[in-house]
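Breakdown of the fold
What follows is each chain in one-letter form.
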Amino acid sequence: MKKSVQVLIFIFALAVTTQAQVTVSVADFGAVPSSRKSAVYQVKQALEECRKHESAVLVFPVGRYDFRDDGTLPDSVSQTAINLNGFKNLTVDGGGSEFVFHGRMTAMNVENSENITLRNFSIDWDRPFTSQAVVREVTGEYLEIDIDKPAYPYIIENGKLRFTGEGWKSPVVHYLLFDRDKQEVVPMTRDNPLGNIFEQEAREVAPGVVRLYGKISFTPDAGTYIALYEHRKLSGIRLYRNRNTTLEEIRVFYSPGTGILSFMCDGLHFNRVNVQVNESKGRVFSSMADATYFPNCRGLVRIENCMHSGQADDWANFRGTYTKVEQVSTPYSIHISSKWGRPDDYYQPGDEVCFVNVASMQRGKERFEIREVSAVNKKEMRLTFAGEIPAFVDTGYVVENMTWNPEVEVVNCIIPRKNRARGILLTTPERALFENNIFRTAGAAILVEGDTDVWYEAGAVRNFIIRNNVFDNCMSSAEPGKGKWGEAVICITPSHRPAGNSEEPYHQNIRIENNVFRYYDSNLLYARSVRGLVFKDNRIEYTDAYRPHGRPVNFYLDGCREVLIENNRYDANYPPRKAELHHMKKSDLRIGKTERISVATVFFHENKTVTTTNNNK
């Protein structure tokens, strides 16, 4: 077919699509902006009108729209205010409106849908499940805090502080400290840094002033903010089993769980989507869990021009899921279990899987197609395959779904020091690129794991490029050596722990190049079990932003092979450069002539640790 004919066909198809697209307004179904009346029913009716058309745009005249349980929501803990299930070619355009939610619900659910765009609105809760206080006074006998009682209602019940809301009451189970001036996580504080003071005797000594009696393990400055919450609940926006989903110009000011959960989605694009603190309300918090979470997606996941702050967990997490082999029932089928969620959520007929040996953490080269997925009981599923599975597969293996792994691009984003724990977590065997981002994190900026210990996050990396980013004084609250929020600015810590210098690594081909590290400490890179690790053409600038508290080693390498460190530029004031090798041969590391790094090789001999040092100067 000639190119001119192809162009004409494309133009005709585009014209037909444009003509077929209709605009539906929620106002036509009785939704009144800024009326404070619940718009749940009206939006539901407008969506049903959109469903009648091949392509539709649902618009909201600008204003505030409130969503309450008005009796039309399902009677379940997962009730959803705005539910898009089974839609195609739909755009939801808020026109800059505020969507305000009340009580326990998911704000928006998009499920089993295709070609969906969400844009131009904000999400918030009128009364968040998170509360906030400000340190007023600290003595050896009590902690005194100010609470904006109209914004964060509370009671003293049986001598204990309890926060109340729209149909709920909760104690304080978790909390974080944010400094007075920048509203960043207070340096060298992590979860519950004051101890169990919120479980102690409480008295209201004046309106909005609560005194908690007992000793605390850390003394915060007056004016320090405290974000207080109980347990994670539901997501703000939930995306499940969709294809080609776009989110743009969205602000999630609050979520009772993950800000945006994207599960088993094929193709995602987020542009100017922020899970962020609502500064106009004087808050320091946003979501009660990760800002964004991407388990078991596929296709291209592109995140650009985004900034998340105030969340009670990581900025973003891209990962697959290992499921454990519980039983080999026939030569064609196995029983599996999942530590997190229903195992049938992770597989469907036609998917291809690999078997991973837990002891070596090596993924088998052969893939096996699933023919059937069926339930065994509440905890186990049966996977039946199109062909025989290997005879060596037993309970020492886990299953990895190779069909559901995303390509990941994170570009032009800001990761500030305003959330719990780390920046971005990634495990995927597909191509990944982090470029032109600014990382200012309380813990590790980038964490690459893959584990069969706790979270069962799958996806041994095969092609990951980290370039042209700025890492600005990260790790301000991490505690290296104790597994708390990270070991280094870039941290690679899979479950595989090498026992010798010849084991095959878990990850492959990670390149860290042309970045700027502004740092007050030594621990730039901690890498375990990587083949093909490159750290080159980076600029390291020395700062005195915080007190050094990390491991005094720039490059901690454990069980890595084919490592290259070269052509990096170091500030003259930067501490002496050091590399430390564990379970490696000297030949596993190549160092450029200008690096001037002293290399210590650590090995065990007759139950003793022996260190040899070689100066590359």
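Now for a quick tour of the structure. Counting restarts for each chain: residues are numbered from 1 in the order of the written sequence. This being a predicted model, a pLDDT of at least 70 is required before a residue's local features are given, and a value of 80 or more before pairs of side-chain atoms are given or counted; all residues contribute to the totals for chains, interfaces and linings. By convention in this description, side-chain values take in all heavy atoms of the structure and omit both hydrogens and water.

**Quick word on the overall build of the chain**
A run of H or I in DSSP counts as a helix once it spans at least four residues, and a run of E counts as a strand once it spans at least two, with each numbered from the N terminus. Along the chain, the regular secondary structure elements total 2 helices and 51 strands. Computation of the radius of gyration draws on C-alpha atoms, with the globule rule given as 2.2 Å multiplied by the number of residues to the power 0.38. In terms of overall dimensions, the chain is globule-like: its C-alpha atoms have a radius of gyration of 26 Å, near the 25 Å expected for 617 residues. When its C-alpha atoms are laid out on the principal axes, the chain stretches across 75 × 75 × 55 Å. A 1.4 Å probe rolled over the protein chains alone gives each residue an accessible area, and that area as a share of the maximum for its type sets the label: buried under 20%, exposed over 50%, partly exposed in between. In the chain, buried positions account for 57% of the 617 residues. Counting only contacts in the chain whose residues sit at least 6 apart along the sequence, the fraction spanning at least 24 positions is 72%. Summing over all exposed atoms, the chain offers an accessible surface of approximately 25,800 Å²; the carbon and sulfur share of this is 46%. Computed over 76 positive and 76 negative side-chain charges, the separation of the two mean positions in the chain equals 3 Å. Any two residues whose heavy atoms approach within 4.5 Å are treated as being in contact. To be clear on the numbers: accessible area is Shrake-Rupley with a 1.4 Å probe, and residue cover counts the displayed protein chains and nothing else. Positive charges come from Lys and Arg alone, negative charges from Asp and Glu alone, with His and the N- and C-terminal ends not counted. Here the site of a charge means NZ on Lys, CZ on Arg, CG on Asp, or CD on Glu.

**Some remarks on the environment of asparagine 515**
Examined against the element boundaries, asparagine 515 turns out to sit in the loop between strand E40 (507-513) and strand E41 (516-519). Along the chain, asparagine 515 and valine 470 lie 45 residues apart, while their C-alpha atoms are 5.9 Å from each other. Beyond its immediate sequence surroundings of up to four residues, asparagine 515 is in contact with Ile466, Arg467, Asn468, Asn469, Phe471, Asp537, Asn538 and Arg539. Side-chain atoms alone can form a polar contact between residues adjacent in sequence; in general such a contact is a pair of N or O atoms within 3.5 Å, and within protein one must be able to donate a hydrogen while the other accepts it. In this structure the side chain of asparagine 515 is engaged in a polar contact, spanning 2.9 Å, whose partner is the backbone nitrogen of asparagine 469.

**Regarding the sheet that holds strand E16 (residues 225-229)**
Strand pairing is defined by DSSP finding a minimum of two bridges between the two strands. Read across the sheet, 6 strands follow the order E13-E16-E8-E9-E15-E14 without closing on themselves; strand pairing throughout is antiparallel. Each edge of the open sheet is held by one strand with a lone partner, namely strand E13 (174-178) and strand E14 (202-206). Across the sheet, the axes of successive neighbouring strands diverge by a mean angle of 35°, strand direction being ignored. Relative to strand E9 (residues 142-146), strand E8 (residues 131-138) runs antiparallel, the two sharing 4 bridges. Following the sheet pairing, glutamate 137 is matched in E9 by glutamate 144. Angles shown run from 0 to 180 degrees and are taken between the N-to-C directions of axes, each axis being a line fitted to C-alpha atoms and, for helices, limited to the stretch in contact.

**Re the sheet that holds strand E47 (residues 569-570)**
The parallel open sheet is built from 6 strands, whose spatial order is E31-E34-E38-E41-E44-E47. With partners counted over all chains shown, the strands left at the sheet margins are strand E31 (414-415) and E47, one partner each. Relative to E47, strand E44 (residues 539-542) runs parallel, the two being bridged by 2 bridges. When the sheet's bridge partners are listed, arginine 539 is paired in E47 with arginine 569.

**Some details on the environment of histidine 507**
Among the secondary structure elements, histidine 507 is positioned in strand E40. Residues histidine 507 and valine 448, 59 residues apart in the sequence, show an inter-C-alpha distance of 9.1 Å. The contacts of histidine 507, once residues within four sequence positions are left out, are Val448, Glu449, Ala460, Val461, Arg462, Ile492, Pro494, Ser529, Val530 and Arg531. From its side chain, histidine 507 meets the backbone oxygen of glutamate 449 in a polar contact 2.7 Å long.

**Let's talk about the nonpolar core**
Ranked by internal contacts, the top residues of the largest apolar core, which has 141 residues, are Leu118 and Phe198. Beyond its immediate chain neighbours, meaning those up to four positions away, phenylalanine 198 contacts Leu143, Ile145, Leu161, Val172, Tyr175, Leu212, Ile226 and Leu228. Residues Ile336, Leu383, Phe385 and Val399 belong to the second largest nonpolar core, which totals 20 residues. The set of buried Ala, Val, Leu, Ile, Met, Phe, Trp, Tyr and Cys residues whose side-chain atoms join them within 4.5 Å is what this entry labels a nonpolar core.

**Things to note about the pairing of strand E25 (residues 352-357)**
Pairing analysis gives 2 bridges linking E25 to strand E27 (residues 368-375), with the strands arranged antiparallel. Bridge pairing in E27 links valine 353 to phenylalanine 368. Examined bridge by bridge, E25 and strand E29 (residues 397-401) share 5 bridges and lie antiparallel to one another. Residue valine 356 lies in a different strand from E29, and its bridge partner there is valine 398.

**Points about a nonpolar patch on the surface**
A cluster of nonpolar residues, Trp340, Val454 and Trp455, forms a patch on the protein surface that exposes about 300 Å² of accessible area. Mapped onto the elements of the fold, tryptophan 340 is located in the loop between strand E24 (333-337) and E25. Like charges are joined within 9 Å and nonpolar side chains (Val, Leu, Ile, Met, Phe, Trp, Tyr) within 5 Å, but only among residues with over 30% relative accessible area and no salt bridge; these make up the patches. Throughout this description, the term salt bridge denotes a Lys or Arg side-chain nitrogen within 4 Å of a carboxyl oxygen of Asp or Glu.

**What to know about the side chain of aspartate 266**
Note that aspartate 266 resides in strand E20 (residues 266-275). Excluding anything up to four places from it in sequence, aspartate 266 contacts Asn242, Arg243, Asn244, Arg298, Gly299 and Trp404.

**Describing helix H2 (residues 40-51)**
A helix is expected to span 1.5 Å multiplied by its residue count minus one. The terminal C-alpha atoms of H2, which comprises 12 residues, lie 17 Å apart, in line with the 16 Å expected from a rise of 1.5 Å per residue. Among the residues making up H2, those that are buried are Val40, Gln42, Val43, Ala46, Leu47 and Cys50. End-on, the buried residues of H2 take up no more than an arc of 165°, which puts them together on one face. Arc definition: it is the arc formed by the directions from the helix axis to the C-beta atoms.

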